[in-house]
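Listed here are the chains, written in short residue letters.
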Amino acid sequence: QVQLVESGGGLVQPGGSLRLSCAASGSIFHIYVMGWYRQAPGKQRELVATITSDRNTNYADSVKGRFTISRDNAENTVYLQMNSLNSDDTAVYYCNADLSVRTAGPTFRYWGQGTQVTVSS
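Residues numbered from 1 in each chain as written. Predicted model: local features only at pLDDT ≥ 70, side-chain atom pairs only at ≥ 80, totals over all residues. Heavy atoms only, no water.

Trainee: Run through the overall build of the protein, naming residues and quoting values.
Mentor: Assigned secondary structure in the protein consists of 0 helices and 11 strands. Along the chain direction, N to C, the helices and strands of the protein fall in the order β-β-β-β-β-β-β-β-β-β-β. Over its C-alpha atoms the protein spans a radius of gyration of 14 Å, differing by no more than 12% from the 14 Å that the globule rule assigns to 121 residues. The principal-axis extents of the C-alpha atoms in the protein amount to approximately 50 × 25 × 25 Å. Relative to its full complement of 121 residues, the protein shows a buried share of 43%. Intrachain contacts of the protein at a sequence separation of at least 6 include 55% that bridge at least 24 residues. (Helix = DSSP H or I, 4+ residues; strand = E, 2+ residues; numbered from the N terminus. Rg over C-alpha atoms; globule rule 2.2 N^0.38 Å. Buried < 20%, exposed > 50% of the residue type's maximum accessible area, 1.4 Å probe, protein only. Contact = heavy atoms within 4.5 Å.)

Quick look at the structure:
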């Protein structure tokens, strides 16, 4: 069974920084893409950033230049460094991973449970 566990959320003042972590564990053969999504109250879940196993990255326009996604393939962990936070960044942040559990097996998407990020003075 595969699990994704996020950590690092919390309350931060506008202009501040936070670093989110998400560790995948269980029977994993290969993780192709890891990513972060967020969902604010009353809004749909939206893409924040993704990173492939060879570290190609993709960002939502709203976070470009402020957020940085990275990963540690050996530890099956993805990080999201968030700088210059503002109130629009307040949301529950979810990590996900597109992975296979065996050689030449199908790819499945797994999600973490979410971590709250609140930007407020």
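Trainee: Could you give me a rundown of the pattern of salt bridges, with the residues and numbers involved?
Mentor: Scanning all chains against the criterion turns up 5 salt bridges. With a shortest N-O distance of 2.8 Å, Arg66 and Asp89 are connected by a salt bridge. Taken together, the residues span a long stretch of sequence, with Arg66 in the loop between strand 6 (57-59) and strand 7 (67-72) and Asp89 in the loop between strand 8 (77-82) and strand 9 (91-100) at a distance of 23 residues. A cluster of three or more residues bridged by salt bridges with shared partners is formed by Arg38, Glu46, Arg66 and Asp89. (Salt bridge = Lys/Arg side-chain N within 4 Å of Asp/Glu carboxyl O.)

Trainee: Lay out the sheet that holds strand 3 (residues 18-25) with the relevant residues and their values.
Mentor: Taken in spatial order, the 4 strands of this open sheet run 1-3-8-7, and their pairing is antiparallel. Every other strand in the sheet has two partners, leaving strand 1 (3-7) and strand 7 as the edge strands with one partner each. Averaged over neighbouring strand pairs, the angle between their axes works out to 15° when direction is ignored. Relative to strand 8, strand 3 is paired through 6 bridges, and the arrangement is antiparallel. The residue bridging Arg19 from the neighbouring strand is Gln81, located in strand 8. (Pairing = 2+ DSSP bridges. Axes fitted to C-alpha atoms, helices over the stretch in contact; angles between N-to-C directions.)

Trainee: Which residues make up the nonpolar core, and what values go with them?
Mentor: If you look at the biggest cluster of nonpolar residues, it comprises 31 residues, and the most contacted ones within it are Trp36, Leu80, Met82 and Tyr93. Mapped by element, the contributors of at least two residues to this core are strand 3, strand 4 (30-39), strand 5 (46-52), strand 7, strand 8, strand 9 and strand 11 (115-119). Top element by residues in this core is strand 9. It accounts for 5 residues. The residues touching Tyr93, leaving out its near neighbours within four places in the chain, are Glu6, Leu20, Trp36, Tyr37, Arg38, Val48, Phe67, Leu80, Met82, Gly114, Thr115 and Val117. (Core = buried A, V, L, I, M, F, W, Y, C linked by side-chain atoms within 4.5 Å.)

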